[in-house]
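Each chain is listed here by its residues.
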Amino acid sequence: MTAADEGEFLIVTGMSGAGRTTAANALEDLGWYVVDNLPPQILRPLLDLTDMGGANLPKIAAVVDVRGRSLFDDFPGVANALRSRGGVKVLFLDASDDVLVRRFEAVRRPHPLQGDGTLLDGIRTERTRLAPIREAADLLIDTSALNIHQLATQVSEMFSEAGAARHRLTLLSFGFKYGVPTDVDHVADMRFLPNPFWEESLRNHTGQDDDVRDYVLSRPGATEFLDAYEQALLPVLAGYQRENKSHSTVAIGCTGGKHRSVAVAEELARRLTGTPGVAVNVRHRDLGRE
């Protein structure tokens, strides 16, 4: 079965200003290989490439639009020919004329078909040229009432594989004595818990070892913190998905990044694994550094 047979080739087109770039970025975040501003004449060789590459190539999305000028004239025929092969879909992005005018005015750019006329002249010319493509499109998104985050979320929902994670959460343990990480979204301080370093039998072990983990998690306040922090993070992670924020990092610190932060990061990862739409991974920045 070819990549095209599996429905892994998407043509993204539509009105200028309707959100093609946002849609392309959302697809790229999902792992698609995105080619922007592609002449329609190159679509067939690109599809042939996916057939030859098979499973070795990612899903491919090609953005085709009127920026191709006269080359775009061949698009309807090329698209219909490709779709007859099966597995090729066309996504059309649209918006009302008044919304498109406001968007172009906000970025102070001319419409690609405006010429010596007005913005509205360019939009109406483009709408006429795209009418047959819009009519034949497999998927249509009207972005008039959507901001960029809402559009990205809608595209992600349309093209995410069943069960695929829409957000990747990294739990990063660290030691305060080596500095607080700067590229993180949240920081939690585990120095309110007793330090296993002062227990001679635990000093040379780490928070990944059972004896240290059991010691840390059994201290007063540990379970209460984990219960409360888990519940605090769940609506945050759900909100990140709604806002199409694809990655976040929670840094969990202790003095040296060896015992308490490691044990708590591992336990929090265990608790959060299975959260809908979230893939959890753990990193220990300073483990083994001492």
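Whatever comes next refers back to the structure up there.
Attention here is on the structure that accompanies the text. Values in this document were obtained by computation on a predicted structure and should not be read as measured data.

Thresholds applied
Residues numbered from 1 in each chain as written. Predicted model: local features only at pLDDT ≥ 70, side-chain atom pairs only at ≥ 80, totals over all residues. Heavy atoms only, no water. Pairing = 2+ DSSP bridges. Helix = DSSP H or I, 4+ residues; strand = E, 2+ residues; numbered from the N terminus. Axes fitted to C-alpha atoms, helices over the stretch in contact; angles between N-to-C directions. Contact = heavy atoms within 4.5 Å. Expected span 1.5 Å × (residues − 1). Buried < 20%, exposed > 50% of the residue type's maximum accessible area, 1.4 Å probe, protein only. Polar contact = N/O pair within 3.5 Å; in protein donor to acceptor, adjacent residues only side chain to side chain. Core = buried A, V, L, I, M, F, W, Y, C linked by side-chain atoms within 4.5 Å. Phe/Tyr/Trp six-rings, centres within 6.5 Å; stacked < 30°, edge-to-face > 60°. Lys NZ or Arg CZ within 6 Å of the ring centre and 35° of its normal. Salt bridge = Lys/Arg side-chain N within 4 Å of Asp/Glu carboxyl O.

Pairing is parallel in the open sheet, where five strands are placed in the order 2-3-1-4-5. Only two strands of the sheet have a single partner each, and these edge strands are strand 2 (33–35) and strand 5 (139–142). Neighbour to neighbour, the strand axes of the sheet diverge by 20° on average, direction disregarded. This element, helix 3 (residues 75–83), spans strand 1 (9–14) and strand 4 (88–94) of the sheet and lies at about 155° to strand 1. Contacting strand 1, strand 4 and strand 5, helix 6 (residues 148–159) crosses the sheet at an angle of about 160° to strand 5.

What follows is about helix 6. Residue pairs spaced three or four apart in an α-helix point in one direction, given the helix's 3.6 residues per turn. Between the first and last C-alpha of helix 6 there are 17 Å, a value that for twelve residues agrees with the 16 Å anticipated at 1.5 Å per step. Burial in helix 6 covers these residues: Leu-151, Ala-152, Thr-153, Val-155, Ser-156 and Phe-159. Buried residues along helix 6 sit in contact with strand 1, helix 1 (20–29), strand 4, strand 5 and helix 8 (222–242). Backbone nitrogen of His-149 and a side-chain oxygen of the N-cap are separated by 3.0 Å at the start of helix 6; the cap is Asn-147.

The next thing to look at is the nonpolar core. Core analysis: the biggest nonpolar cluster contains 48 residues, and Ile-11, Leu-27 and Leu-43 have the highest contact counts within it. Setting aside chain neighbours within four positions, we find Ile-11 in contact with Leu-43, Ala-62, Val-64, Phe-75, Ala-79, Leu-82, Val-88, Lys-89, Val-90 and Leu-91. Core analysis: the next-biggest nonpolar cluster, separate from the first, contains 27 residues, Leu-202, Val-212, Ala-222 and Leu-272 among them.

Our focus in this paragraph is the packing of aromatic side chains. Summed over all chains, the structure comprises five aromatic pairs. A centroid spacing of 5.8 Å and a plane angle of 55° characterise the contact between Phe-192 and Phe-225, whose relative ring orientation is tilted. With Phe-192 in the loop between strand 7 (186–189) and helix 7 (210–217) and Phe-225 in helix 8, this pair connects stretches of sequence that are 33 residues apart. Take Phe-192: its relative accessible area is 42%, and that puts it in the partly exposed class. Summarising the aromatic geometry, the rings of Phe-197 and Trp-198 are spaced 4.9 Å apart at their centres and angled 85° between planes, so their arrangement reads as edge-to-face. One aromatic cluster is present, formed by Phe-192, Phe-225 and Tyr-229 through successive ring pairs. Between Arg-203 and the ring centre of Phe-197, over which it is positioned, the NZ or CZ distance is 4.5 Å. The lysine or arginine in question, Arg-219, covers the ring of Tyr-215, its NZ or CZ lying 4.1 Å from the ring centre.

Here the structure, examined in full by the defined rule, presents 15 salt bridges. A salt bridge links Arg-127 to Asp-97; the nearest nitrogen and oxygen atoms lie 2.7 Å apart. Linking Arg-127 in helix 5 (residues 119–136) with Asp-97 in helix 4 (residues 97–107), this pair joins segments that are 30 residues apart in sequence. Since its relative accessible area comes to 23%, Asp-97 is described here as partly exposed. Note that Arg-213 and Asp-210 form a salt bridge whose closest N and O atoms lie 3.0 Å from each other. Placement of both Arg-213 and Asp-210 in helix 7 is noted, with a separation of three residues, approximately one turn of the helix. When its relative accessible area of 30% is taken as the criterion, Arg-213 is described as partly exposed. What makes Asp-210 partly exposed here is its relative accessible area of 49%. By sharing partners, the salt bridges in this structure join Asp-227, Glu-230, Glu-267, Arg-270 and Arg-271 into a single network.

If you walk across this open sheet you meet the four strands as 7-8-6-9, and the pairing is parallel. Two strands bound the open sheet, and with one partner strand each, they are strand 7 and strand 9 (278–284). Strand-to-strand twist in this sheet, taken as the mean axis angle between neighbours without regard to direction, amounts to 20°. On top of the sheet, helix 8 reaches strand 6 (167–175), strand 7, strand 8 (247–254) and strand 9; it is set at about 175° to strand 7, its chief contact.

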